[in-house]
Amino acid sequence: MTSTRLHRILFVDDEPMVLRGLERSLSEQTDVWDMTFVHRGEDALAFLDRETCDVIVTDMLMPGMNGAQLLNEVVRSYPGVTRVVLSGHADHDLVMQCVGTAHQYLSKPCEPALLISTIERLLALQSMVQSDPVRNLVARLNRLPSRPDLYGKILAALATPRTELAHIGMIVQE
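Q: Residue-level account of the overall build of the protein chain, with values.
A: Scanning the protein chain from N- to C-terminus turns up 8 helices and 5 strands. Taken from N to C terminus, the helices and strands of the protein chain fall in the order β-α-β-α-β-α-β-α-β-α-α-α-α. Out of the 174 residues in the protein chain, the part that is buried amounts to 36%. In the protein chain, 64% of the contacts between residues at least 6 apart in sequence involve partners at least 24 apart. Accessible surface, the protein chain: about 10800 Å² in total, of which carbon and sulfur atoms supply 56%.

Quick look at the structure:
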């Protein structure tokens, strides 16, 4: 019998009720996710020192180490971990600190279905990159590369109602 490794997801929030709510609303995921819930950024880093983790989901405003500080440390020490902010705090300066460290920013309150689909999408993207060195390199990117111009032209042509196939063919020929 072969066993598949559960995806390990780490949730960080200083509000015990928020963590309990997440645990309850995500309980259906226990067959595919190994979830850990901690109250502080320092606890999250201690966990990451002991365990491998696929995704970290953190609040922004926490006493001691805030979410931006936590994610900066995760980028530095655990670059292969995918990083998600789940926060009801929209302070511009704090949000700007997460640019380049968070792969996704979700606002509280967040529907469980949205959180689940976001994490599943990020896990699917992770699985596309099998090489650890490549995964670590991609995880360190602070912005995604821009798409090629021809790809943009093809999308624009496809979005135009009466585009002829010959026109798209000419773009592809370029």
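Q: Lay out the packing of helix H2 (residues 41-50) against helix H3 (residues 67-77) in plain terms, naming residues and giving numbers.
A: One way to put it is that H2 packs onto H3 with a least axis distance of 10 Å and a crossing angle of 15°. One element, H2, and the other, H3, form an angle in the roughly parallel class. The handedness of the crossing between H2 and H3 is right-handed. Counted together, Gly41, Ala44, Leu45 and Leu48 of H2 and Leu70, Glu73 and Val74 of H3 form the full contact between these two elements.

Q: Explain the pairing of strand E4 (residues 82-87) to me, using residue names and the numbers behind them.
A: Extensive coverage of E4 is indicated by the burial of 6 of its 6 residues. Neither face of E4 is open: one carries Thr82, Val84 and Leu86, the other Arg83, Val85 and Ser87, and all of them are buried. Assessed by its sense of winding, the connection that carries the chain from strand E3 (residues 55-58) through H3 to E4 is right-handed. As judged from the 4 bridges shared by E4 and strand E5 (residues 104-107), these two strands associate in the parallel manner. In the sheet register, Val85 faces E5, and the bridge partner there is Tyr105.

Rules used throughout
Residues numbered from 1 in each chain as written. Predicted model: local features only at pLDDT ≥ 70, side-chain atom pairs only at ≥ 80, totals over all residues. Heavy atoms only, no water. Helix = DSSP H or I, 4+ residues; strand = E, 2+ residues; numbered from the N terminus. Buried < 20%, exposed > 50% of the residue type's maximum accessible area, 1.4 Å probe, protein only. Contact = heavy atoms within 4.5 Å. Areas by Shrake-Rupley, 256 points an atom, 1.4 Å probe, with all protein chains shown as cover. Axes fitted to C-alpha atoms, helices over the stretch in contact; angles between N-to-C directions. Parallel < 35°, antiparallel > 145°, perpendicular 65-115°, else oblique. Left-handed = near helix turned anticlockwise from the far one by under 90°. Right-handed = clockwise from strand over helix to strand, strands pointing away. Pairing = 2+ DSSP bridges.

Don't take any of this as a statement about function, it's just geometry.
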